[in-house]
2 protein chains.
Amino acid sequence: MNLLKFIPLVMLTIVLLGNGNVAHHLYQAINSSATVRVVQVYGRNEQGLKDFEYNTLVTTSAETIVDADLYLIAVNDDAIPEVAAGIRQKKGLVAHTSGAVPITSLPNSRRAVFYPLQSFTRDIPVNFTTIPICLEAEHEKDFQVLEVLAKSLSRTVCRMDSQQRLQLHLAAIFANNFSNYLYYLAQEICKEQEINFELLHPLILETANKMRFLPPKKAQTGPARRQDAATMQKHLEMLKNPTHRNIYEVMSHSIQELYEKKL
Amino acid sequence: MNLLKFIPLVMLTIVLLGNGNVAHHLYQAINSSATVRVVQVYGRNEQGLKDFEYNTLVTTSAETIVDADLYLIAVNDDAIPEVAAGIRQKKGLVAHTSGAVPITSLPNSRRAVFYPLQSFTRDIPVNFTTIPICLEAEHEKDFQVLEVLAKSLSRTVCRMDSQQRLQLHLAAIFANNFSNYLYYLAQEICKEQEINFELLHPLILETANKMRFLPPKKAQTGPARRQDAATMQKHLEMLKNPTHRNIYEVMSHSIQELYEKKL
């Protein structure tokens, strides 16, 4: 019996640069896969590396970064060029993980982008298998390296250029940042009458879920869609907070416009 | 052996007035419960009653409405007073199902409100057990009638007055109508670069799901929260559609204000 064939083959070694939310979630997902492995984590200060040092080499010095197949940069957008410059002499592929930064901002000769489309929050676990990963590389061989990692983590892997990725990131601002802000406003409106915000949870979950089965344009309901001016007027009178009133007016007006055109 | 104790006891007979989305979903949920029963459905035209007539008495004439414990009015807000007037002589309890209409708009002597907080879409099934039902009645005995029905359908039943219900309904506009509209905008932005909107589905679902574990104010991310003027400027330049640009500006500005105050 040949035991060797039961030993998983690590196909890709990775140095992770960064220790924020994205780095933490990537680290956990990568180390849950048998075919890829983080061999070192780089961070600017020792405190931020504490969570990693039990299982992986860590370093705060760019000079001591080891050789690897892939250098994955998971730092704030502003810091990407500087961190990438610190590993300019490395032969491995260098990829950042940002939606908004073009591939050309990397000064490295072999450069790429590995963008997981999700909003990561510390301590809230994510299921990486459902997160779309958007890849970009300048050479086919480099793309294949990214693909090994992406496919080991997620069921949805796609290729897009920097322009498309930037546009997707912008769409995500509307779908994620702005809708989260609407949840906050709904919570504030509930508070005024001492209503438990949890009553709205099933509606919020159902609204998000429905978009998988029905295009949002068809799913739209409410006074603005049915051009119900009397109800909208009543709502505006109820909204004492000028910010709430402004959002209500702008959103309702845009919805009215969208459905007016169809008359 | 006494077989009688195995026969479920119908505790409440109901006449359902209306044949739209809400009426359909209520009808199905009520008839799935052994303790409550729709004995008749009233609608203005025969065509709309087709789906009901196989299992229940139907009528288009208010004069032939039978006696029941509860008359449940599930019609458009505007039509509620007129439909309620048609059953003014009935002894049973009369309840409408609207979030925005006060209890006093019912001309009946025994009046109430039975408001299921959900956005119903024809042909998309709902799990009624998770839908909060908000009740209002003027007499304790009438409230108990409503409670029998509500508890037979849902795990979340609460009491609130017309003022609170109106406020909850307004909060739901933000949480449901407006966030659905943002999904539509995100889809439009994707279309411009031929990006598959399905890539955003996991993010949208995660954003909605996260609000169950983290207050929206804490979960907020994005350029507006971190006062990242350069990224916001870049986004505004990318948005060619004036409506998209306007929503981006108004939402971002409000988010910036919220977090500025905390500095």
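Since we're looking at a predicted model, the values are computed, not measured. In every chain, residue numbers begin from 1 and rise along the written sequence. A letter from A marks each chain and a number from 1 marks each ligand, given out in the order of writing. At least 70 in pLDDT is required for a residue's local features to be given in this predicted model, at least 80 for side-chain atom pairs to be given and counted, and no such filter applies to totals for whole chains, interfaces and linings, which use all residues. To obtain the side-chain values, all non-hydrogen atoms of the structure were included, while hydrogens and water were left out.

Caption draft 1: Spatial organisation of the overall build of chain A. The secondary structure content of chain A amounts to 8 helices and 8 strands. As a reference, a globule follows 2.2 Å times the number of residues to the power 0.38, and the radius of gyration itself is taken over C-alpha atoms. Radius of gyration (C-alpha) of chain A: 23 Å, far over the 18 Å computed for a compact globule of 263 residues. For chain A, the C-alpha atoms occupy an extent of roughly 75 × 45 × 40 Å along the three principal directions. Accessible area is worked out with a 1.4 Å probe on protein chains only. A residue is then buried under 20% of its type maximum, exposed over 50%, and partly exposed in between. Across the 263 residues of chain A, 56% fall into the buried class. Residues count as neighbours in contact if any of their non-hydrogen atoms are within 4.5 Å of one another. Within chain A, counting contacts between residues at least 6 apart in sequence, those at least 24 apart form 55% of the total. The protein chains shown are the only cover counted for residues, whose accessible areas, like all others here, come from Shrake-Rupley with a 1.4 Å probe. Total accessible area on chain A stands at roughly 12,200 Å², and carbon and sulfur atoms take up 50% of it. Strands here mean DSSP runs of E at least two residues long; helices mean DSSP runs of H or I at least four residues long; both are numbered from the N terminus.

Caption draft 2: Expanded view of the environment of His-253 of chain A. Residue and element names in this part refer to chain A. Here His-253 lies in helix H8 (residues 242-260). Accessibility expressed as a relative area gives 48% for His-253, which makes it partly exposed. His-253 sits 26 residues away from Gln-227 along the chain, and the two C-alpha atoms are 9.6 Å apart.

Caption draft 3: Geometry of the environment of Thr-64 of chain B. Residue and element names in this part refer to chain B. Considering the arrangement of structural elements, one finds Thr-64 in the loop between strand E3 (57-59) and strand E4 (70-73). When sequence neighbours within four positions are dropped, the list of residues in contact with Thr-64 reads Gln-40 and Thr-59. Polar contacts here mean pairs of N or O atoms no more than 3.5 Å apart (in protein, one a potential hydrogen donor and the other a potential acceptor; neighbouring residues in sequence count only if both atoms are side-chain atoms). A polar atom in the side chain of Thr-64 sits 3.0 Å from the backbone oxygen of Ser-61.

Caption draft 4: Focus on the pairing of strand E2 (residues 36-42) of chain A. Residue and element names in this part refer to chain A. Within E2, 5 of the 7 residues are buried, which leaves the element mostly enclosed by the surrounding structure. Bridging between strand E1 (residues 12-17) and E2 involves 6 bridges; their strand directions are parallel. Across the sheet, Val-15 pairs through a bridge with Gln-40, a residue of E2. Clockwise travel from the first strand over the helix to the second, with the strands pointing away from the viewer, marks a crossover as right-handed. In this view, the connection linking E1 to its parallel neighbour E2 by way of helix H1 (residues 21-31) has right-handed handedness. Strand pairing follows a simple DSSP-based rule, namely that at least 2 bridges must link the two strands.

Caption draft 5: Fine view of unusual backbone geometry. In this model, Asp-123 of chain B sits at a positive phi of 75°, which is unusual for a non-glycine residue. Examined against the element boundaries, Asp-123 of chain B turns out to sit in the loop between strand E6 (111-116) and strand E7 (133-137).

Caption draft 6: A look at the sheet that holds strand E2 (residues 36-42) of chain B. All names here are of chain B. With mixed pairing, the 8 strands of this open sheet are ordered in space as E3-E2-E1-E4-E5-E6-E7-E8. Edge strands, defined here as strands with exactly one partner in the open sheet, are E3 and strand E8 (157-159). In this sheet, neighbouring strand axes are inclined to one another by 25° on average, regardless of whether the strands run parallel or antiparallel. Here strand E5 (residues 93-96) pairs with E6 via 3 bridges, running parallel. Residue pairing in the sheet places Val-94 in a bridge with Arg-111 of E6. Interaxial angle, 0 to 180 degrees, is taken between N-to-C directions of lines fitted to C-alpha atoms, where a helix line uses only the stretch in contact. Across the sheet, helix H1 (residues 21-31) lies against strand E1 (12-17), E2, E4 and E6, angled at about 150° from E2, the strand it touches most.

Caption draft 7: Summary view of the sheet that holds strand E8 (residues 157-159) of chain A. All names here are of chain A. Across the sheet, 8 strands lie side by side as E3-E2-E1-E4-E5-E6-E7-E8; this open sheet has mixed pairing. Of all the strands in the sheet, just strand E3 (57-59) and E8 have a single pairing partner and so form its edges. The mean angle between the axes of side-by-side strands here comes to 25°, regardless of whether they run parallel or antiparallel. Bridge analysis of strand E6 (residues 111-116) against strand E7 (residues 133-137) gives 5 bridges, and the strand direction is antiparallel.

Caption draft 8: Expanded view of the packing of aromatic side chains. Here is the rule: rings of Phe, Tyr and Trp (six-membered ring for Trp) pair when centre to centre is within 6.5 Å. Planes less than 30 degrees apart are stacked, more than 60 are edge-to-face, and the remainder are tilted. Throughout the structure, instances matching the rule amount to 12 aromatic pairs over all chains. Linked through ring pairs, Phe-174 and Phe-178 of chain A together with Tyr-248 of chain B together constitute an aromatic cluster. The ring of Phe-143 of chain A has Arg-159 of chain A lying over it, and the distance from NZ or CZ to the ring centre is 3.7 Å. Distance and angle both matter: a charge sits over a ring if NZ of Lys or CZ of Arg is within 6 Å of the ring centre and within 35 degrees of the ring normal.

Caption draft 9: Just the nonpolar core, in detail. Counting 90 residues, the largest nonpolar core has Leu-168, Phe-174 and Leu-200 of chain A together with Leu-168, Phe-174 and Leu-200 of chain B as the members making the most contacts within it. Setting aside residues no more than four positions away along its own chain, Phe-174 of chain B makes contact with Leu-182, Leu-185, Ala-186, Ile-189, Leu-239, His-244, Ile-247 and Tyr-248 of chain A together with Ser-179 of chain B. We define the nonpolar core as a collection of buried residues of types Ala, Val, Leu, Ile, Met, Phe, Trp, Tyr and Cys that are connected through side-chain atoms lying within 4.5 Å of one another.

Caption draft 10: Examining the packing of helix H4 (residues 162-192) of chain A against helix H8 (residues 242-260) of chain B more closely. Put simply, H4 of chain A and H8 of chain B touch, their axes get as near as 11 Å, and they point 50° apart. The angle between H4 of chain A and H8 of chain B places the two elements in the oblique class. When you trace H4 of chain A past H8 of chain B, the crossing you get is left-handed. Contacts between H4 of chain A and H8 of chain B involve Leu-170, Ile-173, Phe-174, Asn-177, Phe-178, Tyr-181, Leu-182 and Tyr-184 of chain A from the former and His-244, Ile-247, Tyr-248, Met-251, Ser-252, Ser-254, Ile-255 and Leu-258 of chain B from the latter. For the contact of H4 of chain A with H8 of chain B, a count of residues per class yields 12 nonpolar, 4 polar and no charged. When describing relative orientation, an angle under 35 degrees is termed roughly parallel and one over 145 degrees roughly antiparallel, while 65 to 115 degrees is termed roughly perpendicular and anything else oblique. The crossing is said to be left-handed when, going from far helix to near helix, the turn is anticlockwise and less than a right angle, and right-handed when the turn is clockwise. In this classification, Asp, Glu, Lys and Arg are treated as charged, Ala, Val, Leu, Ile, Met, Phe, Trp, Tyr, Cys and Pro as nonpolar, and every other residue, Gly included, as polar.

Caption draft 11: Focus on the relation of the copies chain B and chain A. C-alpha atoms of residues with pLDDT of at least 70 in both copies form the basis for the least-squares superposition of the copies. When chain B is fitted to chain A, the best match, at an RMSD of 0.0 Å, comes from turning it 180° and sliding it 0.0 Å along the axis. This pairing of chains is accounted for by a two-fold axis. Closest approach to the rotation axis among the C-alpha atoms of chain B is made by Ser-179 of chain B, whose C-alpha sits 2.6 Å away.

Caption draft 12: Quick look at H1 of chain A. Within H1 of chain A, burial applies to Ala-23, His-24, His-25, Leu-26, Tyr-27, Ala-29 and Ile-30 of chain A. Its buried side turned inward, H1 of chain A meets E1, E2, strand E4 (70-73), E6 and helix H3 (140-153) of chain A.

Caption draft 13: Seen up close, the interface of chain B and chain A. On the chain A side, the residues contacting the 82 residues of chain B number 82 residues. Buried area counts how much accessible surface, traced with a 1.4 Å probe, disappears from two parts once they are put together, with both parts' losses summed. Between chain B and chain A, a total of about 8,300 Å² is buried, with carbon and sulfur atoms accounting for 72% of that surface. For this document, the term salt bridge refers to a Lys or Arg side-chain nitrogen within 4 Å of an Asp or Glu carboxyl oxygen. At the junction of chain B with chain A, the criterion picks out 0 salt bridges. On the surface where chain B and chain A come into contact, there are 25 residue pairs in polar contact (both at pLDDT 80 or more). Those elements giving two or more residues to the side of chain B that touches chain A turn out to be helix H4 (162-192), helix H5 (201-210), helix H6 (216-219), helix H7 (229-238) and H8 of chain B.

Caption draft 14: Here's a closer look at the pairing of E6 of chain A. Among the 6 residues that make up E6 of chain A, 6 are buried, leaving the element largely enclosed by the rest of the structure. The side-chain alternation of E6 of chain A yields two buried faces, one formed by Arg-111, Val-113 and Tyr-115 of chain A and the other by Ala-112, Phe-114 and Pro-116 of chain A.

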